[in-house]
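# Chains, contacts and geometry: an overview
The chain contents come next:
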Number of protein chains: 2
Amino acid sequence: MSDRLSRLFAPRSVAIIGASGDPSRIGGRPIASMLAGGYKGTILPVNPNRPEVQGLTAYASVGDLPETPDVAIVAVPAKLVTETVQQLAARGTAGAIVFSSGFAEMDEDGAAEQDRMIAAANAHGMRVLGPNTLGLFDLRSGFYGSFTSVFEGGMPSVGRIGIASQSGAYCGHLVSVMRARGLGIAAGVMTGNEGDVTLGDAIGHMVTDDGIDVIAVYAEGINRGDSFVAALEAARQARKPVVVMKVGRSALGGAAAKSHTASIAGDDTVTSAVLAEFGAVQAHTTDQMLDIAQLATRRIYPVNNTLGVITVSGGAGVVVSDAAEELGLAMPEMPEDAQKRLKAILPYAAPRNPVDCTAQVLNDLSLMGQFSEAVVAEGGYTSILGFLTYTAGSPTLSPRLREQLRLLKDKHPDRLYVLSVVAGRDRIAEYEGDGFSVFEDPTRAVVAIDAMGRFGKGFARKPGQKPPSVPAISLPDATPTEAEAKRLLGQAGIKAAPEQVCTSPEEAAKAAAGFGYPVVMKIVSPDILHKTEIGGVLLDVGDEAAVKAGYATLIERAKQHAPKARVEGVLVAKQLKGGVECILGIHRDPVFGPVAMVGLGGVFVEIVKDVVFRRCPFGIDVAAEMIGSLKGVSLLQGARGRPKADVTALAEMLSRLSVMAHQAGDTLQSVDLNPVIVLPEGEGAYAVDAVIEIGGGDGH
Amino acid sequence: MSDRLSRLFAPRSVAIIGASGDPSRIGGRPIASMLAGGYKGTILPVNPNRPEVQGLTAYASVGDLPETPDVAIVAVPAKLVTETVQQLAARGTAGAIVFSSGFAEMDEDGAAEQDRMIAAANAHGMRVLGPNTLGLFDLRSGFYGSFTSVFEGGMPSVGRIGIASQSGAYCGHLVSVMRARGLGIAAGVMTGNEGDVTLGDAIGHMVTDDGIDVIAVYAEGINRGDSFVAALEAARQARKPVVVMKVGRSALGGAAAKSHTASIAGDDTVTSAVLAEFGAVQAHTTDQMLDIAQLATRRIYPVNNTLGVITVSGGAGVVVSDAAEELGLAMPEMPEDAQKRLKAILPYAAPRNPVDCTAQVLNDLSLMGQFSEAVVAEGGYTSILGFLTYTAGSPTLSPRLREQLRLLKDKHPDRLYVLSVVAGRDRIAEYEGDGFSVFEDPTRAVVAIDAMGRFGKGFARKPGQKPPSVPAISLPDATPTEAEAKRLLGQAGIKAAPEQVCTSPEEAAKAAAGFGYPVVMKIVSPDILHKTEIGGVLLDVGDEAAVKAGYATLIERAKQHAPKARVEGVLVAKQLKGGVECILGIHRDPVFGPVAMVGLGGVFVEIVKDVVFRRCPFGIDVAAEMIGSLKGVSLLQGARGRPKADVTALAEMLSRLSVMAHQAGDTLQSVDLNPVIVLPEGEGAYAVDAVIEIGGGDGH
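Residues numbered from 1 in each chain as written. Chains lettered and ligands numbered in written order. Predicted model: local features only at pLDDT ≥ 70, side-chain atom pairs only at ≥ 80, totals over all residues. Heavy atoms only, no water.

Under an unreviewed UniProt entry, the name given to chain A is Pimeloyl-CoA synthetase, and the organism recorded is Oceanibaculum indicum P24. The Sequence similarities (unreviewed entry) comment attached to chain A in UniProt states, word for word, "In the N-terminal section; belongs to the acetate CoA ligase alpha subunit family." (UniProt positions renumbered as here; feature names shortened; annotations may be inferred.)

So, in structure tokens, the structure goes:
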């Protein structure tokens with residue numbers, strides 16, 4: 001059906017069912033737009049009451065159409081939609097764009113009707129955009145399968161950015177802002193109710209569209225994980241940056257979430273993890289999304305991004321450094337000899353990076369040339385930001401400045417060049433035309449530059465390690481007990497804190513040898529509650545002899561202090577003192593399937609929510625990366641004189657858990673390993689508590 | 001000298017020492033700007049070589065001036081500055097603006113020369129702006145005591161925003177952005193080296209300037225705490241919002257910081273605390289600063305800010321809700337009956353808040369009127385945001401829309417009205433003229449709206465409680481031992497964890513009664529290292545009888561298990577189990593004097609840096625507010641089934657510490673109480689470890 005999808009986006013002929021002669025009406029606006037936009041295909045209005053619509057021959061019904069259209073725009077009342085779609089599908093129409101509302105967005109009945117309508121279409125292989133959609137448009141071909149009113153305010157420039165949006169009105173907003181900024185648009189798709197064609201399908205199509213270099217996405221909630229994930233991976237492989245504004249950050253996923261992991265795994269958290277997995281960059285505001293899209297059209301995506309800054313204001317240098325540091329964008333210092341040379345040229349300059357060459361260079365632009373050449377050539381930065389503010393807008397200065405900048409760019413064409421300039425639109429267009437992207441606000445420039453590096457990293461990523469092989473585990477039908485859960489996890493190679501009740505010194509010694517030293521030993525008796533007070537707990541028991549002696553001591557103390565107590569034996573447990581508390585978990589996301597979580601435990605997970613998610617399964621390398629990206633990772637790395645924790649063991653546990661969850665099938669609802677104690681390097685990681693939640697499958 | 005300061009900012013006559021006939025030169029540009037700007041005062045060029053400068057009579061020397069100028073602009077080489085300033089001061093000039101560079105910004109010699117020059121001025125009561133400053137300008141009077149080139153790109157509108165900036169170049173950037181946005185400027189001051197007039201002086205003057213409603217500040221580092229604090233408090237009392245972009249967030253204060261508290265107390269952290277104390281709002285980007293300044297010119301500052309949103313796009317509603325939630329800006333739901341009524345009018349509407357009235361209302365603007373009237377009147381919100389995007393730019397729609405909006409505003413003039421609109425400048429000016437502030441990006445609109453509420457809160461703040469009375473403590477000359485530190489703190493009413501070595505059951509019982517039950521008892525012997533293993537530790541000892549029995553038990557066990565051990569007695573200590581670890585500290589900031597810190601202890605302070613600072617001294621109410629603003633405060637409030645901690649005791653401890661630090665004088669460098677254990681409600685808070693650092697006074 002992918003051919004049909006392509007025809008939906010770029011049809012050679014379009015029927016409008018419910019065509020209107022009034023260009024401001026829902027069934028009239030697409031026709032008016034196509035006529036004005038120079039659409040080269042055939043436009044076939046369908047209207048039972050009029051022989052002609054907006055100067056075009058109209059047909060009374062779908063059956064009366066002289067040819068089968070590639071696409072039909074359906075703008076009829078909801079109750080007539082299914083029948084119309086059925087007729088179109090039967091005639092072999094490739095795709096329908098259903099404007100009509102009153103379906104799943106309204107109520108249960110509407111949802112059922114939507115299902116029937118989609119089924120009628122798909123039965124003949126027809127794809128449906130909508131219902132309840134503002135449609136799609138392609139500024140290059142002039143195909144307007146949309147009744148958005150945004151184009152009435154003027155046409156945006158035609159360019160190489162595609163927009164995929166779950167909101168029609170917000171897509172209109174984006175178009176209007178891009179028009180005001182002079183940002184070029186190729187096409188836009190608004191997915192409405194996503195009865196059939198999803199946001200992922202729209203993105204996926206844009207990946208295959210050679211006229212689109214950058215995809216800007218507005219998402220409220222992903223409905224289909226498979227097409228979304230496939231589109232993101234296709235974009236990554238095609239080196240097409242996807243910038244996503246995912247809204248609804250406040251909303252939590254499952255209101256009925258029972259597990260700890262699920263309670264943290266909001267819809268937004270999981271979506272963010274999926275975006276990060278494929279190197280898509282998330283934007284938090286419209287400005288940010290469009291800044292990033294704008295800069296991405298330069299198609300320069302540094303893998304190891306470094307920023308060199310040339311500024312005429314020391315203050316601006318500090319502004320830029322602050323922003324870069326917050327994002328983790330590296331700003332290495334200039335080489336020392338270059339600094340010395342620049343300082344000799346201009347004693348007031350601060351040549352470290354930011355390179356503050358002061359307003360002095362504006363009096364002698366050859367100095368500007370020397371400084372910028374030094375920054376680019378000797379600093380070796382992948383990205384260059386020049387803070388020139390209003391000075392670059394000066395009519396006397398800008399021609400000579402442009403000349404210097406062009407020389408620089410010709411000599412080093414592979415860098416990403418950004419300017420912070422305040423000037424009129426025409427002047428800015430000149431710099432943009434020379435290959436220098438312009439942002440008024442230096443902080444916004446830094447955010448966009450940083451995003452290019454994140455795209456670069458995503459594009460360059462090699463396939464990860466193969467996940468470890470984990471034996472298939474047959475889950476019970478109902479939620480197992482803690483002990484049973486630990487046994488099942490043990491089969492997957494996930495170790496619980498080992499402990500054993502022993503009834504002889506020899507058994508105790510054997511158990512201890514199995515766990516590894518040191519061990520803790522405790523008297524086991526239902527009648528002795530305060531073990532410590534009778535000396536009934538031994539810590540740091542370090543070898544076989546000590547275990548055997550300890551066994552005797554404990555039995556002896558029990559006899560002495562509580563002669564009547566029933567003594568059941570001695571518990572030998574691996575001593576987990578000195579470890580770092582973590583939490584590991586699995587949450588079955590309704591859209592993306594099982595996702596694994598790792599975080600620092602205790603107060604960290606409760607208050608700071610310092611956790612990382614990732615779709616299952618994944619290898620140990622990815623697990624280690626996840627752990628490394630925790631804010632509090634220094635706790636595991638030996639911060640403040642602590643021993644380094646066994647991150648390798650933790651990563652293996654996490655990776656194994658992800659494989660287990662992936663293999664488990666859809667009855668596995670969640671896993672909580674909380675806490676997991678990560679011992680010092682080489683000593684392993686152990687789950688102290690384990691909960692596996694089993695539930696009904698949801699069809700994933 | 002405040003009269004002199006006023007004359008510096010608004011002189012009736014200006015001499016330019018080093019006047020040039022070339023309007024592009026440093027000594028020429030101020031004259032050209034004043035001539036072009038219609039300055040009404042007397043301009044007195046001083047140039048030994050020319051009888052006339054730019055058409056004005058020039059004088060050969062300061063001595064030759066026909067009158068004593070209010071202000072002299074000094075644009076002569078550095079080596080001539082002090083002599084010139086001395087002459088001017090001797091003649092009774094009120095203020096000098098010293099453009100010349102080569103002073104403290106250069107080297108030690110320059111700093112010494114700067115001190116001499118300022119002393120020469122101040123000896124006669126003359127105030128100095130600079131040296132190394134781009135000067136100041138007042139667009140209302142046409143007084144340009146500045147050689148900034150920004151005005152060559154066109155004049156900004158004259159308005160009611162004042163700019164105080166430590167960077168000349170960045171001030172120029174701000175002016176150029178404001179000019180591009182059409183934001184009105186009253187005056188701007190660039191403080192340069194701040195040899196005399198500081199950023200605080202500049203802000204303070206703007207507070208007294210009736211033509212300035214809003215003060216936008218760019219700061220790199222506060223040099224003088226007293227004038228800055230005084231200016232912020234004056235602004236607060238005058239209800240003039242101060243929005244501050246403080247850069248250099250990455251830089252840490254004392255590189256040689258020894259104490260834990262000092263290591264967290266970076267220059268930026270303390271400045272942020274001072275700004276928050278006076279209700280000044282911190283902006284993180286230029287866009288943000290100017291957005292906030294723009295909206296602040298409406299002079300509506302809600303004390304309990306709530307946001308009601310009317311939108312034609314559900315998506316935009318989510319964007320706005322996300323932003324408001326992140327800022328903690330309340331968006332209460334519409335009253336239920338109002339929701340029902342709106343739903344009845346328009347079934348597709350989502351009337352909760354955001355009130356999504358869908359694009360439908362654009363077809364029938366009376367609906368728009370009904371919806372917005374309901375939101376404003378029935379929702380009762382102090383701030384209203386209308387998301388209208390490009391629709392409000394439509395030439396057919398906007399006149400009728402403006403009519404509806406004006407009706408609304410006339411009926412409810414006390415609200416803060418903001419629109420998110422994409423349109424041309426003229427149309428936006430219309431909405432602005434009607435009293436509706438316009439932002440293109442809805443997220444930016446929310447940030448600005450939130451800031452108005454923060455101003456409102458700051459303006460409304462009543463004086464805090466009187467700090468508790470704390471006896472004067474005489475600090476030793478050198479850093480005291482831990483025990484001595486605890487004793488000194490004890491005099492201030494700050495309790496350390498109480499413990500005592502006792503040598504009889506009676507003494508133990510008395511100590512325990514003094515501490516409060518339960519207590520912990522431990523055998524004290526240099527020969528018994530593993531106390532637990534011989535049963536040498538008793539927990540939860542709950543009453544007098546148990547203490548006495550426990551004493552005997554411990555001595556008995558020591559005898560039995562270690563007959564040769566020297567037993568020194570039994571340690572009785574207040575049991576602090578079940579408490580929450582916090583950290584309290586004092587850091588002497590070189591600019592603002594002693595600041596107190598409170599944070600959650602352990603990993604929180606290490607990794608999350610979840611701490612709050614405040615200048616000393618302050619009352620218990622402020623201390624409680626500080627604790628309440630910690631991110632992890634829920635740990636103290638009984639999160640996850642914990643008992644509620646004794647926040648009252650912690651607040652009192654913090655307040656007492658602040659008073660002690662304030663009274664201590666400048667030899668107190670720092671105090672670290674880490675950890676402080678906060679027990680369950682009613683049980684108190686105790687410092688477990690205490691370090692007081694004494695050092696040389698720094699003159700504060």
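Moving on from the coordinates now.
Attention shifts here to the domain arrangement of chain A. For an interface, size is often stated in terms of accessible area lost upon the parts coming together. All names here are of chain A. When cut into domains, chain A gives domain 1 (2-160 + 174-189 + 204-256), domain 2 (307-460), domain 3 (498-574) and domain 4 (580-694). The distance between the C-alpha centroids of domain 1 and domain 2 comes to 42 Å. Contact residues are listed per partner, giving 11 residues for domain 1 and 5 residues for domain 2. In total, about 610 Å² of surface goes out of reach between domain 1 and domain 2, with carbon and sulfur atoms giving 55% of it. When the buried area of domain 1 at its contact with domain 2 is split by residue, R236, R239 and P241 rank highest and sum to 59% of it. Linking domain 1 with domain 2 are 0 salt bridges. Linking domain 1 to domain 2 there are 2 residue pairs in polar contact (both at pLDDT 80 or more). Only helix 5 (168-181), helix 7 (225-237) and strand 13 (242-246) provide two or more residues apiece to the side of domain 1 that touches domain 2. (Domains from an automatic or database assignment. Contact = heavy atoms within 4.5 Å. Buried area = accessible area lost by both parts, 1.4 Å probe. Salt bridge = Lys/Arg side-chain N within 4 Å of Asp/Glu carboxyl O. Polar contact = N/O pair within 3.5 Å; in protein donor to acceptor, adjacent residues only side chain to side chain. Helix = DSSP H or I, 4+ residues; strand = E, 2+ residues; numbered from the N terminus.)

Okay, the UniProt feature "domain: ATP-grasp" (unreviewed entry) in chain A next. Within the UniProt annotation, "domain: ATP-grasp" (unreviewed entry) is assigned to residues 486-522 of chain A. End-to-end, the C-alpha atoms of residues 486-522 of chain A are 22 Å apart, and along that stretch the chain is 46% helix and 22% strand.

All names here are of chain B. Counting buried positions over the 6 residues of strand 18 (residues 416-421) gives 6, a clear majority of the element. Residue alternation in strand 18 divides its side chains into two sets, L416, V418 and S420 and Y417, L419 and V421, and both sets are buried. With 6 bridges connecting them, strand 17 (residues 383-389) and strand 18 associate as parallel partners. Paired with G386 across the two strands is L419, which belongs to strand 18. Following the backbone out of strand 17, through helix 14 (residues 398-411) and into the adjacent parallel strand 18, one traces a crossover that is right-handed. Of the strand pairs in this sheet, strand 18 and strand 19 (residues 437-439) are connected by 3 bridges, and their pairing is parallel. Across the sheet, residue L419 finds its bridge partner in strand 19, namely V438. One crossover worth recording links strand 18 to the parallel strand 19 by way of helix 15 (residues 425-433), and it is right-handed. (Buried < 20%, exposed > 50% of the residue type's maximum accessible area, 1.4 Å probe, protein only. Pairing = 2+ DSSP bridges. Right-handed = clockwise from strand over helix to strand, strands pointing away.)

Facing 69 residues of chain A, the contacting portion of chain B comprises 68 residues. Note on chain A versus chain B: buried area summed over both sides is about 5100 Å², and carbon and sulfur give 55% of it. Of all residues in chain A, Y390, E533 and I607 of chain A bury the most surface against chain B, accounting for 12% of the area lost on that side. Across the contact surface, chain A and chain B share 2 salt bridges. R444 of chain A is the salt-bridge partner of D287 of chain B, the closest N and O atoms lying 2.7 Å from each other. Where chain A meets chain B, there are 12 residue pairs in polar contact (both at pLDDT 80 or more). Elements with a contribution of two residues or more to the side of chain A that touches chain B: helix 5, helix 10 (286-296), helix 11 (314-327), strand 17 (383-389), helix 16 (442-460), strand 22 (537-541), helix 19 (544-561) and helix 20 (603-608) of chain A. Split by residue class, the side of chain A that touches chain B holds 26 nonpolar, 26 polar and 17 charged. (Nonpolar A, V, L, I, M, F, W, Y, C, P; charged D, E, K, R; others polar.)

Turning our attention to the side chain of Q339 of chain A. Residue and element names in this part refer to chain A. In this structure, Q339 sits in helix 12 (residues 336-345). Among the residues examined, Q339 registers a relative accessible area of 15% and is labelled buried. Side chain to side chain, Q339 and E333 meet in a polar contact 3.5 Å long. When sequence neighbours within four positions are dropped, the list of residues in contact with Q339 reads E333, M334, P351 and R352.

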